[in-house]
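# Architecture at a glance
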Amino acid sequence: MNASPRIITLTTDFGTSDAYVGIMKGVILRINPNVQIVDLTHAIPPQDIYEAAFSIGAAHSYFPKGTIHIIVVDPGVGSDRRAIVSRTGGAFFVCPDNGVLSYLLQSVKNEGGQPIDSVAIQNSAYFLPEVSNTFHGRDIFSPVAAHLSLGVSLDDIGPPVQTLVQLPIQVPELTDGTLTGQIVKIDRFGNAITNISETAIARLKSASTGGTSTYEIRVGSVRLQRFNRAYAESGIGKPLAIIGSSGLLEIAINAGNAKEGLGIKWGDPVVVQRFD
Amino acid sequence: MNASPRIITLTTDFGTSDAYVGIMKGVILRINPNVQIVDLTHAIPPQDIYEAAFSIGAAHSYFPKGTIHIIVVDPGVGSDRRAIVSRTGGAFFVCPDNGVLSYLLQSVKNEGGQPIDSVAIQNSAYFLPEVSNTFHGRDIFSPVAAHLSLGVSLDDIGPPVQTLVQLPIQVPELTDGTLTGQIVKIDRFGNAITNISETAIARLKSASTGGTSTYEIRVGSVRLQRFNRAYAESGIGKPLAIIGSSGLLEIAINAGNAKEGLGIKWGDPVVVQRFD
Amino acid sequence: MNASPRIITLTTDFGTSDAYVGIMKGVILRINPNVQIVDLTHAIPPQDIYEAAFSIGAAHSYFPKGTIHIIVVDPGVGSDRRAIVSRTGGAFFVCPDNGVLSYLLQSVKNEGGQPIDSVAIQNSAYFLPEVSNTFHGRDIFSPVAAHLSLGVSLDDIGPPVQTLVQLPIQVPELTDGTLTGQIVKIDRFGNAITNISETAIARLKSASTGGTSTYEIRVGSVRLQRFNRAYAESGIGKPLAIIGSSGLLEIAINAGNAKEGLGIKWGDPVVVQRFD
């Protein structure tokens, strides 16, 4: 018997200035008072499914086995969009089926494919008695997650779902010694995270014809000739390129804000070119 | 014996950029390390008792029986304003007696009247040894709540209080087929929540003389001819009226921000008119 | 045997809009699922070591014995700056050795000197298997703190460290009946907290030659002739001086924002003068 509390994480666009998040926690704790609740973030820009997908994609693998992740960025609430629970690698994801699991599904695929089991949330025995048309985070997602934490099985939640909604996530292209990707996330420090992974850069490097290749990283008007190993390797206020903590190429300014200082934004193309 | 941890919620105007909230949690956990603490919100605008009253009024009923709610929006701290603990329906409220319980008291009354027991906080045995004139959240409210979570009784906190300070909360008026209320809360999404309840609208409808009545909802320059059942029933960017998750009429924009898009603000009058 | 959960607090400049803080919590809970995690604040301005030092200095003493405090404001991450664990008065501090403990060390010294034991974090057995150059909060500080919460001893973390990096923290000067300090923190309410302690003011008063001394507090163009005991002793919108909740002189506006209303800022000199 394991006395450790189950963990439920929350990722929403609810902000923390209203009581919405607190209400979800109340609903969860009324069903399972022994669960441990962790806020991933509630500052997803309203209705920004991409950003939610990036956050849960970046964070989920650091949590203990059995963790239940609730993601509520749900512009289609009250319409006929599907609600789902997905299970992969011992973790559960409770969310609308609107693409918020896109990065997760991509990384599962890249890592060689843990199976993913998904069900449509249909069994209203696990909902609040009254279900509104505007706040399924409270009425459906939270109580379903809390019941999962008590051991309810996927089968009991609803019927299997084969195909999930997937956002068109760009994969960087490698052609003729040039890797082309884009900015997929700007973080709190103004660091611009790209979709170019350490692995993609290794592939670019391994295609080099000699040992004397040089590299240039380009975004907007910025030209960088090296990959930093630490922010502090560049002078204060200088731009730099570095493999960030998610294993993705990042454009940053040492002790500064790259978004503001370099005028770069979400979606901007980023090029890494090899010169042999 | 119940091994479930007691829950203490926090509602303050302290923000989360200073250590004030963390300090309150430290004080609580030093007295009862087994309590589970939930943030309702710390983003109440400074000294905004109305907003605090709305938040705790909207959230309290979702928490388990025995939950202790601390509310610290306290412009009168250090003056002779009273500090209280109120108990109703198995929940406890620890706060200054300045009106922060007004919506709670109104809803208790509307629901036919659970008894409310209140005491003035006076027994300094449950305070921190030193009490400042500026931070009763730390010195009085947190330790009193922590002691309550350990089973201290109301009688032991202080003498009974009969009448609590009550804010002048508007109740919508129904005259001649017209229901007049106001905006009482703007949430993070820019949704404008009114004080017009689903029940009040049902009353307006039931007074209809035939089956062919139509309705118009008016706020500022906006005219709406129907009640939505879901945000997504209206086109993207279109204004709409909907019964929101608290059972109150809400003015929203599908996938947009009604506050910004419609130029409406706290206190604005909202009219629902029936045409027979 | 004590069944109470150990407490780990977090103080960072990570904000709460990215998943960084949630990821740290995942790492901690994977190692010790029974720990209780408390956010002190994540809104330290990016790379602001002074502000972090102030926050942990103000908050640590309110937590139970055995609490482990993680502080990650770490502009030198990935460089050769040292990472440390310090223990004093039954509490642990896990952080870069960059001055974030300066206020803590000062207060320990002022209070007559609890011993402080510090070690350099070196034993990679307590790190995540892969250590990035950009996110030691996840890869080093969180797992080390989690292992400490399980009972790992300081000796096991790394070798002793004798001298810690210390910020040049100003101490107010008392000369000729004049106490000169400065603003060291502006809080969420716009209250300007000085480094002039209640004790320093008591010393100024005790040097008075008679019973009829008067006092003037000066900051910017503001002149105040008294020390308030409560905010509400002054009229609404009026500036005032008061000993705040940390035992430090504070410049505030009753029900207003002193920073905005008086145009004062971090570092501004504050003078308290005695007239005999």
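The shown structure was predicted, so the numbers you read here are calculated from the model rather than taken from an experiment. (Residues numbered from 1 in each chain as written. Chains lettered and ligands numbered in written order. Predicted model: local features only at pLDDT ≥ 70, side-chain atom pairs only at ≥ 80, totals over all residues. Heavy atoms only, no water.)

## Structural notes on the side chain of T67 of chain B
All names here are of chain B. Put simply, the rule is: Comment: elements are numbered from the N terminus, with helices defined as DSSP H or I runs of at least four residues and strands as E runs of at least two. Whenever two N or O atoms come within 3.5 Å, that pair is a polar contact, provided that in protein one can donate a hydrogen and the other can accept it, and provided that, for residues adjacent in sequence, both atoms are side-chain atoms. By definition, residues are in contact when any of their heavy atoms lie within 4.5 Å.
By secondary structure assignment, the location of T67 is in the loop between α2 (49-59) and β3 (68-72). Among the polar contacts listed, one links the side chain of T67 to the backbone oxygen of P64, at a separation of 2.7 Å. Here T67 is in contact with I7, T9, G90, A91 and F92, once residues within four sequence places are set aside.

## A short note on unusual backbone geometry
All names here are of chain A. We count it as follows: Each residue is assigned to one of three classes by its accessible area relative to the maximum for its type, calculated with a 1.4 Å probe on protein chains only: buried under 20%, partly exposed between the two thresholds, exposed over 50%.
Non-glycine residue Q47 carries a positive phi angle of around 65°. Assignment of secondary structure puts Q47 in the loop between β2 (36-41) and α2 (49-59). A relative accessible area of 27% places Q47 in the partly exposed class. Notably, A255 is not glycine yet its phi reads approximately 60°, a positive angle. Note on placement: A255 falls in the loop between β13 (248-253) and α7 (258-262). Look at A255 and you get partly exposed, because its relative accessible area is 37%.

## Brief notes about the side chain of N254 of chain B
All names here are of chain B. On the secondary structure map, N254 appears in the loop between β14 (248-253) and α7 (258-262). On the accessibility criterion, N254 (5% relative accessible area) is buried. A polar atom in the side chain of N254 sits 2.7 Å from the backbone oxygen of S234. With near-sequence residues (within four places) excluded, N254 lies in contact with Y231, A232, S234, G235, I236, G237, K238 and L240.

## Side note on the interface of chain B and chain A
Stated precisely, the cut-off is as follows: Summed over both partners, buried area is the accessible surface (1.4 Å probe) that two parts give up on being assembled. A carboxyl oxygen of Asp or Glu within 4 Å of a side-chain nitrogen of Lys or Arg is what we treat as a salt bridge. Residues are grouped as follows: Ala, Val, Leu, Ile, Met, Phe, Trp, Tyr, Cys and Pro are nonpolar; Asp, Glu, Lys and Arg are charged; every other residue, Gly included, is polar.
Opposite the 34 residues of chain B that make contact, chain A presents 33 residues. Note on chain B versus chain A: buried area summed over both sides is about 2,600 Å², and carbon and sulfur give 55% of it. Scanning the region where chain B abuts chain A turns up one salt bridge. Among the ionic pairs, D18 of chain A bridges to K185 of chain B, the shortest N-O distance being 2.7 Å. At the junction of chain B and chain A, the tally comes to 14 residue pairs in polar contact (both at pLDDT 80 or more). Breaking the side of chain B that touches chain A down by element, the ones donating at least two residues are β2 (36-41), α2, β9 (178-186) and β13 (239-243) of chain B. Class assignment of the residues belonging to the side of chain B that touches chain A gives a composition of 20 nonpolar, nine polar and five charged.

## Section: the interface of chain A and chain C
Contacts between the two partners involve 34 residues from chain A, matched on the other side by 33 residues from chain C. When chain A packs against chain C, the two sides together hide about 2,600 Å² of surface, and 56% of this comes from carbon and sulfur. Three residues, Y62, R188 and F189 of chain A, lead the burial of chain A against chain C; their summed loss comes to 28% of the area buried on that side. On inspection of chain A and its partner chain C, the count reaches one salt bridge. The element contributing the most residues to the side of chain A that touches chain C is β2 of chain A, with five residues. Partitioned by chemical class, the residues of the side of chain A that touches chain C number 20 nonpolar, nine polar and five charged.

## Some words on the domain arrangement of chain A
All names here are of chain A. Rules: The domain limits used here are those given by an automatic or database domain assignment.
In terms of domain boundaries, chain A breaks down into domain 1 (7-157) and domain 2 (173-275). One C-alpha centre belongs to domain 1, the other to domain 2; they are set 32 Å apart. At the junction of the two partners, domain 1 supplies five residues and domain 2 supplies six residues. Across the domain 1/domain 2 interface, buried area totals approximately 470 Å², and carbon plus sulfur atoms make up 62% of it. Taken as a group, Y50, E51 and F54 account for 75% of the area that domain 1 buries against domain 2, more than any other trio of residues on that side. Inspection of the domain 1/domain 2 interface yields one salt bridge. Here K185 makes a salt bridge to E51, at a shortest N to O gap of 2.6 Å. Among the elements that line the side of domain 1 that touches domain 2, the one with the most residues is α2, at three residues. Considered class by class, the residues forming the side of domain 1 that touches domain 2 number four nonpolar, no polar and one charged.

## What to know about the environment of V108 of chain C
Residues and elements named next belong to chain C. Looking at where V108 falls in the secondary structure, it is placed in helix α3 (residues 102-110). Sequence-wise, V108 and G89 are 19 residues apart; in three dimensions their C-alpha atoms are separated by 8.9 Å. Not counting residues within four places of it along the chain, the set of residues in contact with V108 comprises T88, G113, Q114 and I116.

## Comments concerning the relation of the copies chain B and chain A
Applied cut-off: Least-squares fitting of one copy onto the other uses the C-alpha atoms of those residues that reach a pLDDT of at least 70 in both copies.
Least-squares fitting of chain B to chain A yields an RMSD of 0.0 Å, with the superposition described by an axial translation of 0.0 Å and a rotation of 120°. Classification of the inter-copy transformation places it as that of a three-fold axis. Considering only C-alpha atoms, the residue of chain B closest to the rotation axis is Q36 of chain B, which sits at 5.0 Å. When you check the interface residues of chain B against chain A, a mere 6% turn up at the interface there too, and the two sides of the contact use different surfaces.

## Re the relation of the copies chain A and chain C
Placing chain A over chain C gives an RMSD of 0.0 Å and needs a rotation angle of 120°, together with 0.0 Å of translation along the axis. A different interface surface on each copy is seen, since only 6% of the contact residues of chain A are contact residues in chain C too.

## A word on the packing of α2 of chain A against helix α3 (residues 102-110) of chain A
All names here are of chain A. Here is the rule we go by: The axes are straight lines fitted to the C-alpha atoms, using for helices just the contacting stretch, and the angles between their N-to-C directions are given from 0 to 180°. Orientation is classified from the angle alone, with under 35 degrees giving roughly parallel, over 145 giving roughly antiparallel, 65 to 115 giving roughly perpendicular, and any other angle giving oblique.
Where α2 meets α3, the closest approach of the two axes is 7 Å, and the angle between their N-to-C directions is 45°. Taken together, the axis directions place α2 and α3 in an arrangement best described as oblique. Taking contact as the criterion, the partners of Y50, A53, F54 and G57 in α2 are, on α3, S102, Y103 and L104. In terms of residue class, the contact of α2 with α3 is built from five nonpolar, two polar and no charged.

## Regarding the pairing of strand β4 (residues 83-88) of chain A
Residues and elements named next belong to chain A. For the record, the criterion: Think of it this way: DSSP has to see at least two bridges between two strands before they count as a pair.
When you tally the buried positions in β4, you get five out of six residues, the bulk of the element. What sits between the antiparallel neighbours β4 and strand β5 (residues 91-96) is a turn of two residues, in which G89 has the positive phi angle 55°. In this structure, β4 lies alongside strand β6 (residues 117-120), joined through four bridges in antiparallel fashion. Opposite R87, over in β6, you have D117 as the bridge partner.

## Remarks on the pattern of salt bridges
All chains considered together, the criterion is met by 33 salt bridges over all chains. Residue D276 of chain C pairs with R274 of chain C through a salt bridge whose shortest N-O separation is 2.7 Å. Judged by relative accessible area, D276 of chain C falls into the exposed class, the value being 53%. Judged by its relative accessible area of 11%, R274 of chain C is buried. Within this structure, D18 of chain A together with E51 and K185 of chain B form a network of salt bridges that share partners.

## Observations regarding the sheet that holds β3 of chain B
Residues and elements named next belong to chain B. Strands sit in the order β2-β1-β3-β5-β4-β6-β7 across an open sheet of seven strands; the sheet is mixed. Whereas interior strands pair on both sides, the edge strands pair on one side only; in this sheet they are β2 and β7 (160-161). By the bridge criterion, five bridges tie strand β1 (residues 7-12) to β3 in an arrangement that is parallel. Each bridged residue has a counterpart across the sheet, and for T9 the counterpart in β3 is H69. In the packing of α2 onto the sheet, the strands contacted are β1, β2, β3 and β5 (91-96), and the crossing angle to β2 comes to about 125°.

## A word on the sheet that holds β4 of chain A
Read across the open sheet, the six strands follow the order β2-β1-β3-β5-β4-β6 (chain A); overall the sheet is mixed. Here the strands that pair on one side only, and so sit at the sheet edges, are β2 and β6 of chain A. Across the sheet, the mean angle from the axis of one strand to that of its neighbour is 20°, orientation sign disregarded. Most of the contacts of helix α4 (residues 136-149) of chain A go to strand β3 (residues 68-72) of chain A, to which it runs at about 175°, and overall it touches β1 (7-12), β3, β4 and β5 of chain A. Across the face of the sheet, helix α1 (residues 20-31) of chain C comes into contact with β1 and β2 of chain A while running at roughly 150° to β2 of chain A.

## Here we look at the packing of aromatic side chains
Spelled out, the test is: Stacked, edge-to-face and tilted are the three classes for Phe, Tyr and Trp ring pairs, Trp counted by its six-membered ring, which pair at centre distances within 6.5 Å; planes under 30 degrees apart are stacked, over 60 edge-to-face, the rest tilted. In this analysis the charged atom, NZ for Lys or CZ for Arg, is taken to sit over a ring once it is within 6 Å of the ring centre and within 35 degrees of the ring normal.
One pass over the structure, following the stated rule, counts 21 aromatic pairs over all chains. Judged by centre distance (5.5 Å) and plane angle (75°), the rings of Y20 of chain B and F135 of chain B are edge-to-face. On the criterion of sequence distance, the pair formed by Y20 of chain B in helix α1 (residues 20-31) and F135 of chain B in the loop between β6 (117-120) and α4 (136-149) is long-range, its members being 115 residues apart. Each member of the pair, Y20 of chain B as well as F135 of chain B, is classed as buried. Taken together, the aromatic side chains of F14, Y20 and F135 of chain A together with F189 of chain B make up a single cluster linked through ring pairs. Positioned over the ring face of Y215 of chain C is K205 of chain C, at 5.7 Å from the centre of the ring.

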